[in-house]
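Report on the structure
Single-letter residue listing:
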Amino acid sequence: MYRTHTCGELRMEQVGQEVTLAGWIQTVRKFGSINFFDLRDRYGITQLLFGENLNPKLDAQPLGREFVVQVTGVVTERSSKNKNIPTGDIEITVTDFKVLNAAKTPPFTIQDDTDGGDELRMKYRFLDLRRNIVRQNLELRYQVGRAARNYLHSAGFIDVETPFLINSTPEGARDFVVPSRMNPNQFYGLPQSPQTFKQLLMVSGYDRYYQIVKCFRDEDLRADRQPEFTQIDCEMSFVEQEDILSTFEHMLKHIFMEIKGIEFTEAFPRMTWAEAMEFYGNDKPDIRFEMKLVNLNDTVKAKGFKVFDDAELVVAVNAKGCSEYTRKQLDELTEWVKRPQIGMSGLVYVKYNTDGSLKSSVDKFFDEEQLKLWAQQCKAEPGDLILVLAGKEERTRKAASELRLEMGERLGLRNKNEFKPLWVVDFPLFEYAEEENRWVARHHPFTSPKPEHISLMDDPSQYGNILANAYDIVLNGTEVGGGSIRIFQRDLQQKMFAALGMSKEEAERKFGFLLGAFEYGAPPHGGIAFGFDRLCSLLGGSESIRDFIAFPKNNSGRDVMLDAPSEIDQAQLNELRISLVKE
Ligand code: ASP
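Residues numbered from 1 in each chain as written. Predicted model: local features only at pLDDT ≥ 70, side-chain atom pairs only at ≥ 80, totals over all residues. Heavy atoms only, no water.

Among the structural elements, lysine 198 can be located in helix 5 (residues 195–203). Engagement of the side chain of lysine 198 in a polar contact is seen with the backbone oxygen of cysteine 234, the distance being 3.0 Å. In terms of polar contacts, lysine 198 uses its side chain to reach the side chain of glutamate 235, at 3.4 Å. Every residue in contact with lysine 198, bar those within four places of it in the chain, is listed here: Tyr209, Asp233, Cys234, Glu235, Arg486 and Ile528. (Helix = DSSP H or I, 4+ residues; strand = E, 2+ residues; numbered from the N terminus. Polar contact = N/O pair within 3.5 Å; in protein donor to acceptor, adjacent residues only side chain to side chain. Contact = heavy atoms within 4.5 Å.)

The structure is reproduced here in structure tokens:
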């Protein structure tokens with residue numbers, strides 16, 4: 001037996017006992033002829049005291065950081081206790097030790113506040129994973145997965161694995177492809193999600209399916225994405241939208257209770273996509289704070305201010321309690337909205353001073369009476385600062401949404417320990433892709449229109465008005481899941497493919513299996529998938545999903561530890577009948 005206890009286990013109750021521990025040397029301290037070592041494993045840290053008697057052995061076998069050792073000794077009460085760690089009342093008076101494996105000095109300190117930079121830590125991820133905070137993230141991930149599984153199991157779902165080597169799945173991103181040696185010149189696609197498989201499982205009668213599964217999308221990795229990520233993927237038969245929302249709201253509530261001890265007694269709020277766009281400027285509203293967008297179009301036009309008169313949208317954000325903003329702060333905010341990422345040409349402000357007077361950057365065009373109207377519309381009170389953006393509709397809405405979030409951040413209203421989930425429902429079925437000059441599915445092509453909008457599918461001029469039975473679950477301004485009620489009739493699915501500009505032949509070639517399956521008794525069905533990495537990072541209070549993935553890739557999609565992707569041997573290429581185009 002290598003050990004009798006772990007390094008996180010011993011307390012005053014064990015004082016006097018002889019124990020054997022095994023682990024890594026975290027720190028080395030010398031006090032005269034006595035040596036103190038901290039021994040670490042997954043469970044904690046225990047202080048070891050090596051008395052003078054062990055010095056000859058230590059001289060012969062010095063212990064350095066990260067050495068793997070086995071020690072035997074007696075649990076002793078410490079004279080100076082460390083209240084910061086659970087084992088802080090005791091130490092081990094070591095009687096003997098054995099080096100199980102020596103270690104090179106690690107390239108960074110294995111501590112919470114390590115001196116290692118990102119790149120270095122990723123290169124030596126196996127050392128990074130030894131750090132407490134990284135380990136806690138992975139433990140949290142495990143617990144979230146376990147809570148989800150427990151809930152789904154108790155609700156009668158079964159976990160069915162689906163293949164990775166498949167054809168393309170059209171979820172909107174590019175596929176990763178894998179050449180097939182046995183089928184020369186042919187390629188598998190890696191699934192962007194198990195979407196079509198879970199639908200086929202419904203046709204097969206497995207009416208409650210789930211899987212915690214890897215998905216692969218070859219996207220540019222802006223904003224904290226990973227080329228391979230994990231979903232909690234679910235599907236149900238004989239359900240309507242309401243059944244799905246209720247089932248998975250319960251799952252999330254269960255997860256919140258298990259992981260954070262937070263009980264949601266009320267139903268999660270719901271908002272239509274149209275409301276989300278109007279009041280928050282995006283489809284994943286952060287409802288931890290108000291400051292909703294206010295459309296001022298009807299109030300501000302035709303007063304001689306060209307910027308507003310020419311604008312498609314004039315929209316305001318009421319920054320609560322910011323009327324004292326200085327000239328400098330306002331200039332800085334104006335620069336902020338002018339950054340290319342935000343893309344506005346300027347910022348208009350109205351200070352609602354605490355004495356009740358109103359002062360704006362457009363006093364030339366709007367008198368105090370008029371500014372009062374704006375203030376009323378924005379539900380502004382003395383002490384508030386109204387920020388107004390104007391310009392092309394889409395860009396202005398997006399900018400206002402960013403400005404709202406930025407002000408929320410600056411005002412400390414986006415507390416990461418506060419959790420505000422909501423459902424966004426009634427998404428449009430289609431969206432117009434300007435670059436491609438065609439309609440694309442907003443969710444994916446298997447999403448059903450609202451029954452009352454099915455007839456509009458025959459009239460392309462109506463595509464923009466069709467709403468879908470699709471929904472997203474949003475947490476603190478981040479989409480953590482989304483799904484839909486599916487099309488389950490061949491005719492309607494064919495109509496959908498046609499609307500997306502797919503010829504009959506192409507639809508048959510790509511999705512013949514699904515269309516065919518719909519002719520053999522497909523039940524009504526629907527589902528949802530949660531971004532598991534993202535959910536974990538939010539529950540763990542972190543911005544980055546990478547912190548919750550054991551072996552993540554960097555922003556260029558590289559695994560810097562493995563140095564992947566990499567070139568392959570000519571022999572392998574020959575077998576695959578692939579010749580490379582040299583750049
Ligand atoms: N497959 C979808 C996705 O990955 C989720 C779903 O519709 O269930 O977004």
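The rest of the description comes next.
On to the site of the ligand. As a structural note, the neighbourhood of the ligand is formed by 14 residues, with Gln195, Lys198, Gln231, His443 and Arg486 the closest of them. For the ligand, the protein covers 92% of the area, taking 270 Å² as the surface of the free molecule. Among the secondary structure elements, those contributing two or more residues to the shell around the ligand are helix 5, strand 21 (478–485) and strand 22 (525–531). With 3 residues, the single largest contributor to the shell around the ligand is strand 22. Here the residues of the shell around the ligand are counted per class, giving 2 nonpolar, 8 polar and 4 charged. (Near = heavy atom within 4 Å. Areas by Shrake-Rupley, 256 points an atom, 1.4 Å probe, with all protein chains shown as cover. Nonpolar A, V, L, I, M, F, W, Y, C, P; charged D, E, K, R; others polar.)

On to the environment of isoleucine 568, then. Among the structural elements, isoleucine 568 can be located in the loop between helix 15 (532–539) and helix 16 (570–576). The spatial distance from the C-alpha of isoleucine 568 to the C-alpha of arginine 141 is 34 Å, given a sequence separation of 427 residues. Isoleucine 568 has contacts with Leu573 and Leu576, leaving out every residue within four places of it along the chain.

This brings us to the pattern of salt bridges. Applying the stated rule across the entire model yields 46 salt bridges. Salt-bridge contacts for glutamate 139 lead to arginine 135; the nearest nitrogen and oxygen are separated by 3.1 Å. Within this pair, glutamate 139 and its partner arginine 135 are both found in helix 4 (residues 132–154), separated by 4 residues, close to a single helical turn. For glutamate 139, a relative accessible area of 30% puts it in the partly exposed group. (Salt bridge = Lys/Arg side-chain N within 4 Å of Asp/Glu carboxyl O. Buried < 20%, exposed > 50% of the residue type's maximum accessible area, 1.4 Å probe, protein only.)

All right, on to unusual backbone geometry then. In this chain, alanine 564 is followed by proline 565 through a cis amide linkage whose omega measures 0 degrees. Tracing the chain through its elements places proline 565 in the loop between helix 15 and helix 16. If you check the backbone angles, methionine 291 has positive phi at about 45 degrees while not being a glycine. One can find methionine 291 in the loop between helix 7 (273–280) and strand 12 (294–295). The backbone phi angle of aspartate 426 is positive, close to 60 degrees, even though this residue is not glycine. Position of aspartate 426 among the secondary structure elements: in the loop between strand 17 (421–425) and strand 18 (430–433).

Once that is clear, we can look at the sheet that holds strand 17. Two pairing modes exist for strands in a sheet, parallel and antiparallel, and in both the strands are linked by backbone hydrogen bonds. Ordered by their spatial adjacency, 8 strands build an open sheet running 6-9-10-22-21-20-17-11, and the pairing between neighbours is mixed. The open sheet has two free edges, formed respectively by strand 6 (158–159) and strand 11 (270–272), since each of these has just one partner strand. Where strand 6 meets strand 9 (residues 208–216), 2 bridges bridge the pair, whose relative direction is parallel. If you follow aspartate 159 over to strand 9, its bridge partner there is tyrosine 210. In the packing of helix 6 (residues 241–260) onto the sheet, contacts are made with strand 10 (228–237), strand 11, strand 17, strand 20 (470–475), strand 21 and strand 22, and the angle to strand 22 comes to roughly 30 degrees. (Pairing = 2+ DSSP bridges. Axes fitted to C-alpha atoms, helices over the stretch in contact; angles between N-to-C directions.)

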